[in-house]
Amino acid sequence: MAARAANTPLPARQRGAAAVFAAITVVLGLAAIGLTVDLARLYSAQRQLQRIVNLAALDAARLAGGCLGLQDDPQGAAEAEAAASVLRNEGQREWLRANGVRIGRMQTGEDQLRRFIPADAADFNAVQVRLFAPSPRRLIPGMAATEARGELTAVAAAHSRPLVRFKVGSGLLKLQDPSLLNALLAALLNSDVPLQLSLLDYQSLLDATVTVGELAISVSPEPIEETLQQVLPLDGLLRAVALALGTAGQLVAAEAAESLADVADGALALSAAEVLGLPPGFEAPAANLLVNAGDLISAIALTVADDLLQPITVNLPFPLGEGELVVNLLDVGQPVIVPAGTPTTAGDESFARSTQAALQFQFPLQVDGLPQVDLPIFVQSAQATAELMDVSCARRGQAFDLVTLGARSSIARLGIGRFDDIELPNPQPQPAVILDTQETLQVGPLSVPLPVRVVVRAAAFVDVGRARNEVLVFDGPFDPVEGKPQTLGTPPLTAIGDSLADLPATLDLDVEVSLLGEPLPLIAPLVDGVLATTEAAYRQLLSPLLQSQLLAVVDAVVGPTTDALGLSLGGADVVVFEVSDAEPELFLR
């Protein structure tokens, strides 16, 4: 045998070795092919699992975040929707394990990376979903079919908590003559220095906008969550507004805001979030919201005025006479930015409201043949509120977002009179002395002088509008600058006009003419008749004058002042500006 092997030709021996190497190569090739197929299948399975978990996170965030309506149990809604999404997208229910779905918050760190942080149902804005699936069986030769299979895992988090920005009541900057507005703003900002803004300045503020993020950067370069909650001096916040406007190229508006900062009381302090009506935890999602500069100035002025704890007094400027206006802010209006899905029981921060105030005017009237008559006008504004009831985001079959608000208004009152104490939480109007003078009457054919004192008291009041409770539905698209308004109740001008038409019937004019000293016996029998005639004459002279002048005063002073302070008389404008972040967005995958 050994001799035969030794005598075997070399080519034959080489063919045997090649066969061995070929067999080894085939085995290795098959193993490489199997490994390649395994890796491809593993990669494909992982991609498929990631696709399913991405869709589950998006669907769960969209539902739990309130984009499809208010959810009583966001955690339960997220779990149910995630499970349904997994099945819709060819996954298995068992891939979603206990605690595989969590609600929480998207948080941006100092490294600008967005992370998921668990949070409770009160302030969540994101949903995280984690899936576990068995890996595909291996095809590598030599592996037993019964070998334990590996496990794939995929995680995704999506942010979706639409923010709705809305307000109730008119804005601050709605006057044709800047003099009254200058006086009001200076008083609201607790300034000892006169304010000298022009109509152009106010118009520039009305036309200018900044985003919440731009305002935050102007306050501080720190993270937006800290910046918007930072308490600043009043003048510091106004300068931040001016800086944001200037950076955006709105230079006239920036100069106007800077002028306001120059006269503002720096001892007063507030945060930007307080002014915006933005709840904690939603600063970052609100960064792209547009805010009108005029509304922003209005909110700043009214918010700090609420901290003064006393009525403000404004001298009415020319041409309104030398009258006086006293304002007691009973409850300051507040625009809000409310996350969708916020329950209506969440508290004051979840609803917008108009300013509620008691106003008292002292308006001088010149009457021919009489001393100056001081006409006291009082206004008790109604309060209107609106709360977010539902948000329905745009989707197939619905082109635009729908916002549903529940709105309410109370009854306003205005008339002639003076409050018993305007500093009380609920001041009551009383008849007021409008004339207190002395004169000498001529009595009898001999024109015997009769000195008398004449005291005239007047009272009149009417209710403006009526209490309303309505559901208002706003259909997009929304204009973030002008907003989309609806009127709650009777339009204010119509309500005031209707009420003033009823005012003459309520006018109660009490004229008291009393003697100064004892009359001469010669004219004693005539005194009572003369006094009665004098009372009738005063009443006949003053009644039509008061009725006509009251309408003029309302047009000249009451209307502009209530507009300036955002007060509700009869009806109120409910305005929805925008719905942000309506579409869910993946930020962790």
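Up top is the structure these notes are about.
How each quantity is defined
Residues numbered from 1 in each chain as written. Predicted model: local features only at pLDDT ≥ 70, side-chain atom pairs only at ≥ 80, totals over all residues. Heavy atoms only, no water. Helix = DSSP H or I, 4+ residues; strand = E, 2+ residues; numbered from the N terminus. Buried < 20%, exposed > 50% of the residue type's maximum accessible area, 1.4 Å probe, protein only. Contact = heavy atoms within 4.5 Å. Areas by Shrake-Rupley, 256 points an atom, 1.4 Å probe, with all protein chains shown as cover. Pairing = 2+ DSSP bridges. Axes fitted to C-alpha atoms, helices over the stretch in contact; angles between N-to-C directions. Parallel < 35°, antiparallel > 145°, perpendicular 65-115°, else oblique. Left-handed = near helix turned anticlockwise from the far one by under 90°. Nonpolar A, V, L, I, M, F, W, Y, C, P; charged D, E, K, R; others polar. Arc of directions from axis to C-beta. Expected span 1.5 Å × (residues − 1). Patch = residues over 30% accessible without salt bridge, like charges linked within 9 Å, V, L, I, M, F, W, Y side chains within 5 Å. Salt bridge = Lys/Arg side-chain N within 4 Å of Asp/Glu carboxyl O. Phe/Tyr/Trp six-rings, centres within 6.5 Å; stacked < 30°, edge-to-face > 60°. Lys NZ or Arg CZ within 6 Å of the ring centre and 35° of its normal.

(A) A look at the overall build of the protein. When its secondary structure is counted, the protein shows 13 helices and 27 strands. Looking at the 589 residues of the protein, the share that counts as buried comes to 50%. Residue pairs in contact within the protein that sit at least 24 positions apart in sequence constitute 75% of those at least 6 positions apart. Just so you have it, the protein exposes about 27500 Å², and 55% of that area is on carbon and sulfur atoms.

(B) Here's a closer look at the sheet that holds strand 12 (residues 336–339). With antiparallel pairing, four strands are arranged side by side in an open sheet as 12-5-26-24. For this open sheet the edge positions go to strand 12 and strand 24 (484–489), each flanked by a neighbour on one side alone. Across the sheet, the axes of successive neighbouring strands diverge by a mean angle of 30°, strand direction being ignored. Of the pairings in the sheet, the one linking strand 24 to strand 26 (residues 571–580) comprises six bridges and is antiparallel in character. Looking at strand 26, one finds that Leu488 is bridged to Ala572.

(C) How the structure looks around the side chain of Arg105. Locating Arg105 in the fold gives a position in strand 1 (residues 101–108). Ignoring any residue separated from it by four or fewer positions in sequence, one finds Arg105 in contact with Arg115, Phe116, Ile117, Ala119, Asp123, Phe124, Asn125, Ala126, Gly281 and Phe282.

(D) Structural view of the packing of helix 6 (residues 212–219) against helix 8 (residues 234–247). Look at helix 6 against helix 8: their axes get within 8 Å of each other, and the N-to-C directions meet at 120°. Compared by their axis directions, helix 6 and helix 8 come out oblique. The chirality of how helix 6 crosses helix 8 is right-handed. On the side of helix 6, the interface is formed by Glu214, Leu215, Ser218 and Val219, while helix 8 contributes Ala240, Val241, Leu243 and Ala244. By residue class, the composition of the contact of helix 6 with helix 8 is six nonpolar, one polar and one charged.

(E) Structural detail: helix 5 (residues 199–207). Every buried residue belonging to helix 5 is among Asp201, Tyr202, Ser204 and Leu205, and all of these are buried. When helix 5 is viewed along its axis, its buried side chains cluster within an angular range of 155° and face the same direction. With respect to the buried face of helix 5, the exposed residues turned more than 90 degrees away are Leu200 and Asp207. Summarising the contacts, the buried residues of helix 5 are in contact with helix 4 (178–188), helix 8, helix 9 (251–263), strand 9 (290–292) and helix 11 (293–305).

(F) Summary view of helix 9. Compared with the 18 Å implied by 1.5 Å per residue over 13 residues, the 19 Å span of helix 9 between its first and last C-alpha is a close match. For helix 9, the complete set of buried residues consists of Ala253, Ala254, Ala256, Ala257, Leu260, Ala261 and Val263.

(G) Representation of a nonpolar patch on the surface in the model. Side chains of Leu35, Leu39 and Leu42 sit close together on the surface and give an oily, nonpolar patch of about 250 Å² of accessible area. Structurally, Leu35 is set in helix 2 (residues 10–64). The exposure class assigned to Leu35 is partly exposed, which follows from its relative accessible area of 42%.

(H) Layout of the packing of aromatic side chains. Per the stated rule, a full pass over the model turns up one aromatic pair. Measuring from ring centre to ring centre gives 5.6 Å for Phe378 and Phe419, while their planes differ by 70°; the resulting arrangement is edge-to-face. Pair noted here: Phe378 is in strand 15 (residues 373–380) and Phe419 is in strand 19 (residues 418–419), with a separation of 41 residues, a long-range link. Across this residue pair, the class does not change: Phe378 and Phe419 are buried. Lying across the ring of Phe132, Arg97 places its NZ or CZ 4.2 Å from the centre. Looking at Arg105, its charged tip hangs above the ring of Phe282, at a distance of 5.0 Å from the centre.

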